[in-house]
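# Observations on the three-dimensional arrangement
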Amino acid sequence: YTGTLDLSPMNMSSCATMGEMFNNNKAQLTFNGFKIYANTNVQYMFSTAYGSIDLTGIDTSEMTSAIDMFRNYYYTGALDVGHMNMASCTTMVEMFNNNKAQLTFNGFKIYANTNVQYMFSTAQGSIDLTGIDTSEMTTAYNMFRKYSYTGTLDLSPMNMSSCATMGEMFNNNKAQLTFNGFKIY
C-alpha cells in the first residue's frame, strides 16, 4: 500500500514494543495524536520503510529510548523530527544509523545525560541542524562517527556549552564540516 496511513486513532497505552512496526512499509505515515509511552521499545520501528513520515502532532514526551528508531529508514525525501518531544529520552544511540532521509531538526532538543553515541553513524542523507537545541547536551561522543553524506554539514547551530565529551565526534566522517560560530568550551 502506498497511500496515506493515518495512525492517530490508535491507542497504544498498553503497547510494550513497536519494534519493526513499520518494517518494509511503503505507505505515507501520519502520526497526529499518536502517543509513544514510557519504556516502549521502538527499536527498528521504521527499519527498511520507504514511505514518507509526518511526525506533526506525535507525542513522544514519555518515550525513554529512541535506540535504532529510524535505523535503515530508506526514504530519501525530507524527515522533520523537530516535532518530537525528547524530554524523557535518555538514549538516542544509533537513532538515525544508515538513514537515507534528509533530516531537519528545527525545535528538536537533546537533554542532559542523553546518550547520542553513533546517532548519525553511516547516515547518508543531509542533516539540517538549524533550530536544534543542544544547550543541555553533556556528551557528543561518536555522535557523527562514519556519517557518510558527502555534502556540507553545518555545525554552527549546535550550542556545546554543557558538553564535556566530544571524543571521536567526527571519526571517519565523510561530510564537509563547517564550524562557523561553533564553540568548544
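So, a few notes on the structure that sits alongside this text. (Residues numbered from 1 in each chain as written. Predicted model: local features only at pLDDT ≥ 70, side-chain atom pairs only at ≥ 80, totals over all residues. Heavy atoms only, no water.)

## Considering the overall build of the protein
Our working rule: Elements are defined by DSSP. Helices are runs of H or I of four residues or more, strands are runs of E of two residues or more, and each kind is numbered from the N terminus. In this setup the radius of gyration rests on C-alpha atoms only. A globule is expected at 2.2 Å times the number of residues raised to 0.38. Accessibility here uses a 1.4 Å probe with only protein chains present; expressed as a share of the type maximum, an area under 20% marks a residue as buried, one over 50% as exposed, and anything in between as partly exposed. Residue-level accessible areas treat just the shown protein chains as cover; the underlying method is Shrake-Rupley with a 1.4 Å probe.
When helices and strands are tallied, the protein shows 0 helices and 8 strands. Going residue by residue from the N terminus, the α and β elements of the protein occur as β-β-β-β-β-β-β-β. The globule rule puts the C-alpha radius of gyration for 185 residues at 16 Å, and the 16 Å found for the protein is close to it. Taken along its principal axes, the extent of the C-alpha atoms in the protein is 45 × 30 × 20 Å. Out of the 185 residues belonging to the protein, those deemed buried represent 43%. On the protein, roughly 8,000 Å² of surface is accessible, and the fraction owed to carbon and sulfur atoms is 45%.

## Topic: the environment of tyrosine 44
Within the secondary structure, tyrosine 44 sits in the loop between strand S2 (28-30) and strand S3 (53-54). Each C-alpha atom of the pair tyrosine 44 and threonine 122 lies 15 Å from the other, and the pair is 78 residues apart in sequence.

## A few points about the environment of aspartate 59
For clarity, the threshold we go by: Contacts are assigned to residue pairs with any non-hydrogen atoms lying within 4.5 Å of each other.
Mapped onto the elements of the fold, aspartate 59 is located in the loop between S3 and strand S4 (78-80). Given the relative accessible area of 25%, aspartate 59 is considered partly exposed. Those residues in contact with aspartate 59 that sit more than four places away from it in its chain are Phe34, Lys35 and Ile36.

## Here's the deal with the sheet that holds S3
Here is the rule: Any two strands with at least two DSSP bridges between them are considered paired.
Sheet architecture is open: 3 strands sit in the order S1-S2-S3, paired in parallel fashion. Edge positions in the sheet fall to strand S1 (4-6) and S3, since each of these pairs with one other strand and no more.

## Let's talk about the packing of aromatic side chains
Quick note on the threshold: Any Phe, Tyr or Trp ring, taking Trp's six-membered ring, that has another such ring centre within 6.5 Å forms a pair; planes under 30 degrees apart are called stacked, those over 60 apart edge-to-face, and the others tilted.
One pass over the full model with this rule turns up 19 aromatic pairs. Taking the centre distance of 5.9 Å and the plane angle of 80° together, the rings of phenylalanine 31 and phenylalanine 46 count as edge-to-face. Placement of the pair is phenylalanine 31 in the loop between S2 and S3 and phenylalanine 46 in the loop between S2 and S3, with a sequence separation of 15 residues. You can call phenylalanine 31 buried: its relative accessible area is 0%. Taking relative accessible area as the criterion, phenylalanine 46 reaches 0% and is therefore assigned buried.

## Concerning the pattern of salt bridges
We apply this condition: In the sections that follow, a salt bridge refers to a side-chain nitrogen of Lys or Arg positioned within 4 Å of a carboxyl oxygen of Asp or Glu.
Tallied over the entire structure, the rule returns 7 salt bridges. Between glutamate 62 and lysine 35 there is a salt bridge whose closest N-O contact spans 2.9 Å. Residue glutamate 62 is found in the loop between S3 and S4, and its partner lysine 35 is found in the loop between S2 and S3; the two are separated by 27 residues along the sequence. Judged by relative accessible area, which is 31%, glutamate 62 ranks as partly exposed.

## Quick word on the sheet that holds strand S6 (residues 127-128)
Sheet architecture is open: 3 strands sit in the order S4-S5-S6, paired in parallel fashion. The open sheet has two edge strands with one neighbour each: S4 and S6. One ladder, built from 3 bridges, connects S4 with strand S5 (residues 102-104); its direction is parallel. Within the sheet, the bridge partner assigned to aspartate 80 lies in S5 and is threonine 104.

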